[in-house]
Number of protein chains: 2
Amino acid sequence: MDTISQLLARKSVRRFLQKPVPEDVKQTLLECAAAAPTAGNQQLYAVVDVTDPAIKAELADICDHQGFIADAPIVLVFLADCRRWLDAYALAGCAPRDPGLGDYYIAFCDALIAAQNVVVAAHALGLGSCYIGDIVENRERLVDLLGLDEFTVPATLLVLGYPTAQQLRRRKPARFPLAAVVHTDRYRRLTPDEQKAAFAAKGEAFDTFVPPFCRRKYESAFMAEMTRSMRAYLAPFRG
Amino acid sequence: MDTISQLLARKSVRRFLQKPVPEDVKQTLLECAAAAPTAGNQQLYAVVDVTDPAIKAELADICDHQGFIADAPIVLVFLADCRRWLDAYALAGCAPRDPGLGDYYIAFCDALIAAQNVVVAAHALGLGSCYIGDIVENRERLVDLLGLDEFTVPATLLVLGYPTAQQLRRRKPARFPLAAVVHTDRYRRLTPDEQKAAFAAKGEAFDTFVPPFCRRKYESAFMAEMTRSMRAYLAPFRG
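Below you will find a few notes about this structure.

Thresholds applied
- Residues numbered from 1 in each chain as written.
- Chains lettered and ligands numbered in written order.
- Predicted model: local features only at pLDDT ≥ 70, side-chain atom pairs only at ≥ 80, totals over all residues.
- Heavy atoms only, no water.
- 1 Å grid on protein atoms, 1.4 Å probe; cavity = no way out; pocket = protein on both sides within 12 Å on 5 of 7 lines; lining within 4 Å.
- Points joined across faces, edges and corners; volume = space filled by probe spheres on them.
- Helix = DSSP H or I, 4+ residues; strand = E, 2+ residues; numbered from the N terminus.
- Nonpolar A, V, L, I, M, F, W, Y, C, P; charged D, E, K, R; others polar.
- Contact = heavy atoms within 4.5 Å.
- Buried area = accessible area lost by both parts, 1.4 Å probe.
- Salt bridge = Lys/Arg side-chain N within 4 Å of Asp/Glu carboxyl O.

**A word on empty space enclosed by the protein**
Residues and elements named next belong to chain A.
Next up, step 1: Scanning the entire structure with this criterion turns up three cavities of 30 Å³ or more.
Next up, step 2: By volume, the largest cavity amounts to about 60 Å³.
Next up, step 3: The dominant element in the lining of the largest cavity, judged by the number of residues it contributes, is helix α6 (residues 101–124), at four residues.
Next up, step 4: Its residues assigned to classes, the lining of the largest cavity shows six nonpolar, four polar and one charged.

**Remarks on the interface of chain B and chain A**
Next up, step 1: Contacts between the two partners involve 115 residues from chain B, matched on the other side by 115 residues from chain A.
Next up, step 2: The contact between chain B and chain A buries some 9,900 Å² in all, and 64% of this surface belongs to carbon and sulfur atoms.
Next up, step 3: When the area that chain B buries against chain A is broken down by residue, the three leading residues are Tyr105, Tyr187 and Tyr218 of chain B, summing to 9%.
Next up, step 4: At the boundary of chain B with chain A, the tally comes to four salt bridges.
Next up, step 5: Residues Arg189 of chain A and Asp87 of chain B are paired through a salt bridge, measuring 2.9 Å at the closest nitrogen-oxygen approach.
Next up, step 6: Looking at the side of chain B that touches chain A, the element that brings in the most residues is helix α6 (residues 101–124) of chain B, giving 15 residues.

**Here we look at the layout of surface pockets**
Next up, step 1: Looking at the largest pocket, its volume works out to about 980 Å³.
Next up, step 2: As for the largest pocket, its lining consists of 48 residues, of which Lys217 of chain A together with Thr38, Ala39, Gly40 and Asn41 of chain B are closest to the centre.
Next up, step 3: For the lining of the largest pocket, the elements supplying multiple residues, two or more each, are β3 (128–132), α11 (206–218) and α12 (221–234) of chain A together with α5 (83–91) and α6 of chain B.
Next up, step 4: Of all the elements, α6 of chain B adds the most residues to the lining of the largest pocket, at seven residues.
Next up, step 5: Split by residue class, the lining of the largest pocket holds 26 nonpolar, eight polar and 14 charged.
Next up, step 6: When its volume is computed, the second largest pocket comes out at roughly 810 Å³.
Next up, step 7: Lining the second largest pocket are 39 residues, and of these Thr38, Ala39, Gly40 and Asn41 of chain A together with Lys217 of chain B sit closest to its centre.
Next up, step 8: Those elements giving two or more residues to the lining of the second largest pocket turn out to be α5 (83–91) and α6 of chain A together with β3 (128–132), α11 (206–218) and α12 (221–234) of chain B.

Shown next, in the form of structure tokens:
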């Protein structure tokens, strides 16, 4: 049950000790990424291991100015990579079509699945980790920074390192009851009572928690930027 | 190192014993899904636990006629669910905008990350699993079958059960060398020599392996359908 208890206990870590992560530990993380399930054994992703402090700092700024990204010992950008196989097909004389949204979809899945293997492996090795979805903002700057092209698209960013004592003490936030997210046989919208009960089960008072959360997250400038930038990332896949 | 060796050893399983999975085991899988990292602790996903044999059979047909889906003891559809929070915002009087591609993106990440926790947990509990990306094909039929709306979109499908002896014996396919998928600081396209070496390292002769693979997978009817259907799924998020 060790793996199960690790999956249940793992929480995000955003502050790291200034203690470097040994190269063999990083290597193990990357091997766990590569061992992850992948469509047709294609590994339709790439991982950019960002070691240059100047690139980390620029990434932090691109990702909604989150300074802790610049301070993280390990910074891994997971790309949905439709370019590598496209190049292989061309090299083999196949005259391949351009990738479409279906190709983007399977590459994106591959990248996320590989990233979560890294998160699970990191926890087992005493490392903390945090996903940064803001990596899909500011397409134009990221493309320049990492040398991307129209068929190599960020899927997620992971920062990792040894957690500070404060981060280790932090309580993992409660999740919704399973009944709020698991449906049998068909999807069903929650009733108003079920909605309120789901938040109450987490200790969040619906009427006072939800409206400020909506303003702070859902109606935020970073969500608008994410939508703008994602539209630009997806355009080349729409032919 | 137990978790690490499990991550490295896990392989896809497509044939299952006709041995039911106890309810408490399924419950543990779902709790591991819920414990997964999630943007802003929102759990922007839903899991449809498909138990009805008629629905399983229809899913198998929707997913490129893969019969083993109908025979799997556990069939879980992971949805990127932008509807539940949208309903919560409306219920709290927030007059929320419609979800955009940024919202779709974070919900999609949440769903895939939760799914991979289920895969890892399943392996630890002696269960095999297989991802079915074909779940994004045939949008119109899936929407009807599972009662989806425009803001609840399939992210992936997982089938799970106890592996047959043959599946346990099957060798895990070799992955590309890390050098083919990991880049330092910037993305770099592989040279022709690097491409060929990457396939050779897996035991695949580039010139004879790649062209038929391209015809069978990349130029297949199911990839074309995936692209068509994904375009339909994403349209409501494009405003």
